[in-house]
Amino acid sequence: MAVIFVAGCSRAPEYVRAVKAAPEESAARRVAGRVSYPADSPKLAEIRTAVVATEQVPRDEVIAPGKIAINPNRISRVVLPVPGRVTSVEVRLGDAVTQGQALLGIESPEAEGALSDCLRADAGLTQARATAAKARADAERLRSLYEHGAVANKEVIEAETELAHAQAGLTEAEAATQHARRRLSILGLKPCLAGQPVVVRAPISGKVLEMNVVPGEYRNDTSAALITIADLSTVWVAAQVPESSIRWINQGEHVHIELAAYPGEVFEGRVRRVADTVDPLTRAVEVQTELDNRSGRFRPEMFARIRHSHGSRTLPVVPAGALVRAEGSAWVFIERARGQFERVRVETGEAMGPMVPIFSGIEAGATVVVDGAILLAANGGSR
């Protein structure tokens, strides 16, 4: 009896496995590359099929990785026009600014010097005008006296010389005044009004991307950027196109752009620049494409890729979810009849958004599994 009991126990796990497997085997009959379910199997509710359609697929296509960059024509790095102490900062990081908006206030000795120069130039101009007016009157008076024989010609000549000197002095005074006022205009100051702060204004409209200044600082370096403003209404996509494919890309052409941040969406841009040199390390040429960003969705440094094509052809397409990757190949499941599915190897192209073109393996009109292919592969369709 002990021997019979031990023998029975040794077969128990095998029996349990057979009992557990029985419902699964009854639900799906498996043959290599085929899976069949009874017509009333609840598993069929987890499987969705669709008829293979066709689309226009690019024939000669260039696909290149890249990333979004700031439009180099629409970025400004604000510096101080003169050394001085920063009295106020009117914007913060991330603010949207308009052209001409006040950014910084500065107290500067050079600005005060420019105001003083303007006052001196104005005073000199007034004096030069008075001197020229007197010299002109003297010269006219002496000419009149000379005509009546009251004075000698020598005195007339001396008066005309004085008038010429006075007019030259007036011209110099006018130039000095114009220079002083022009300098004040560059600094944004009104002429001859002491105590004005220098206000630094936004040169372009855009967003504040960098801030390197706080109130109270005294800055001597007029070449260091304090604020960086960029107009992000358009951005550039800088892509690296292989040397062997650059012949397909021309300035001004339209390309399609895909972004990792927005899977399934395709955007259109225009090629603005093709680099004049080839990178000696990567053997690629940089292509810069302009992308409309008035919506504000695109941000610098986002990963992207450009697609450019010449010509097209009609091919079957399936959703990306219909593909099963196994054994280094791509497969789809075709529904041969209700509950009967067959695995078929296909050759695929580059995905076009949510759809993938099929070069060979299936034809348009076939019914393929678009949801649940992984379930079929797990139930034997992958063998």
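Only a predicted model underlies this, so the values are computations on that prediction, with no experimental measurement involved.

Basis of the calculations
- Sequence order as written defines residue numbering, which begins from 1 separately in each chain.
- Totals for whole chains, interfaces and linings use every residue, but because this is a predicted model, local features are given only for residues with pLDDT of at least 70 and side-chain atom pairs only at 80 or more, for both listing and counting.
- Derived side-chain values reflect all non-hydrogen atoms in the structure, with water molecules and hydrogen atoms excluded from consideration.
- Helix numbering and strand numbering both begin at the N terminus, where a helix is a DSSP run of H or I of at least 4 residues and a strand a DSSP run of E of at least 2.
- Two residues form a contact once any of their heavy atoms are found within 4.5 Å.
- All accessible areas in this document rest on Shrake-Rupley with a 1.4 Å probe, and a residue is counted as covered only by the protein chains that are shown.
- Note on ring pairs: Phe, Tyr and Trp rings are taken, using the six-membered ring of Trp, and paired if centres are within 6.5 Å. Classes follow the plane angle, with under 30 degrees stacked, over 60 edge-to-face and the rest tilted.
- Note on classification: 1.4 Å probe, protein chains only; a residue is buried when its accessible area is under 20% of the maximum for its type, exposed when over 50%, partly exposed between these limits.
- Only when the NZ atom of a Lys or the CZ atom of an Arg is both within 6 Å of the ring centre and within 35 degrees of the ring normal do we say a charge sits over the ring.
- Strands are treated as partners if at least two bridges between them are detected by DSSP.
- In the analysis that follows, any N or O atom pair within 3.5 Å is treated as a polar contact, provided that within protein one partner can donate a hydrogen and the other can accept it, and provided that, for residues neighboring in sequence, both atoms belong to side chains.
- By definition here, a helix of n residues has an expected span of 1.5 Å times n minus one.
- One speaks of a salt bridge when a side-chain nitrogen belonging to Lys or Arg is within 4 Å of a carboxyl oxygen belonging to Asp or Glu.

Asks: Mind showing me how you'd approach the overall build of the protein here?
Replies: Counting secondary structure elements, the protein contains four helices and 22 strands. Excluding contacts between residues fewer than 6 apart, the proportion of contacts in the protein whose partners are at least 24 apart in sequence is 72%. Only carbon and sulfur atoms are counted for the fraction: they give 53% of the accessible area of the protein, which is about 22,000 Å².

Asks: Before we go on, may I ask you to explain the packing of aromatic side chains in this structure?
Replies: Geometrically, a pair of aromatic rings is defined through the distance of the ring centres and the angle of the planes. Applying the stated rule across the entire model yields three aromatic pairs. Taking the centre distance of 6.2 Å and the plane angle of 75 degrees together, the rings of Tyr262 and Phe267 count as edge-to-face. A relative accessible area of 12% means that Phe267 is categorised as buried. One aromatic cluster is present, formed by Tyr262, Phe267 and Phe298 through successive ring pairs. Its end group placed over the ring of Tyr262, Arg297 keeps NZ or CZ at 4.2 Å from the ring centre. Across from the ring centre of Trp331, 3.6 Å away, lies the NZ or CZ of Arg343, which sits over that ring.

Asks: I keep staring at the pairing of strand β10 (residues 206-211) and nothing clicks. Help me out?
Replies: Consecutive side chains along a regular strand alternate between the two faces of the sheet. Sheet topology places strand β7 (residues 96-97) next to β10; two bridges connect them, and they run antiparallel. Note on β10: the bridge partner recorded for Ala96 is Lys207. Across four bridges, β10 lies against strand β12 (residues 227-230) in antiparallel orientation. Residue pairing across strands places Glu210 opposite Thr228, the latter belonging to β12.

Asks: Looking at this structure, I do not really get the side chain of Glu258. What am I missing?
Replies: Among the structural elements, Glu258 can be located in strand β14 (residues 254-259). For Glu258, a relative accessible area of 12% puts it in the buried group. A polar contact of 2.7 Å, which involves the side chain of Glu258, links it to the side chain of Arg305. Side chain to side chain, Glu258 and Arg307 meet in a polar contact 3.5 Å long. Residues in contact with Glu258, not counting those within four places in the same chain, are Glu265, Val266, Phe303, Ala304, Arg305, Arg307, Ala351 and Gly353.

Asks: When you look at helix α3 (residues 153-187) in this model, what are you seeing that I'm missing?
Replies: A rise of 1.5 Å per residue sets the reference length of α3, with its 35 residues, at 51 Å; its end C-alpha atoms lie 52 Å apart and thus fit the reference within 8%. Among the residues of α3, those classed as buried are Val156, Ala159, Leu163, Ala166, Leu170, Ala173, Thr177, Ala180, Leu184 and Leu187. Packed against the buried residues of α3 are α2 (109-147) and β9 (198-201). Gly188 sits one or two residues past α3 and shows a positive phi near 75 degrees.

Asks: So what exactly am I meant to see when it comes to the pattern of salt bridges here?
Replies: A pair can form between side chains of opposite charge whenever their charged atoms are brought close. The final tally for this structure, using the stated rule, is 17 salt bridges. Between Asp231 and Arg74 there is a salt bridge, with its nearest N and O atoms 3.2 Å apart. Here Asp231 is found in the loop between β12 and β13 (234-242), whereas its partner Arg74 is found in the loop between β4 (53-70) and β5 (75-78), with 157 residues between them in sequence. Assessed through its relative accessible area of 31%, Arg74 is described here as partly exposed. The partner of Arg120 in a salt bridge is Asp117, and the shortest N-O contact between them spans 2.3 Å. With Arg120 and Asp117 both in helix α2 and three residues apart, this pair spans about one turn of that helix. One salt-bridge network, in which partners are shared between bridges, spans Arg34, Arg336 and Glu342.

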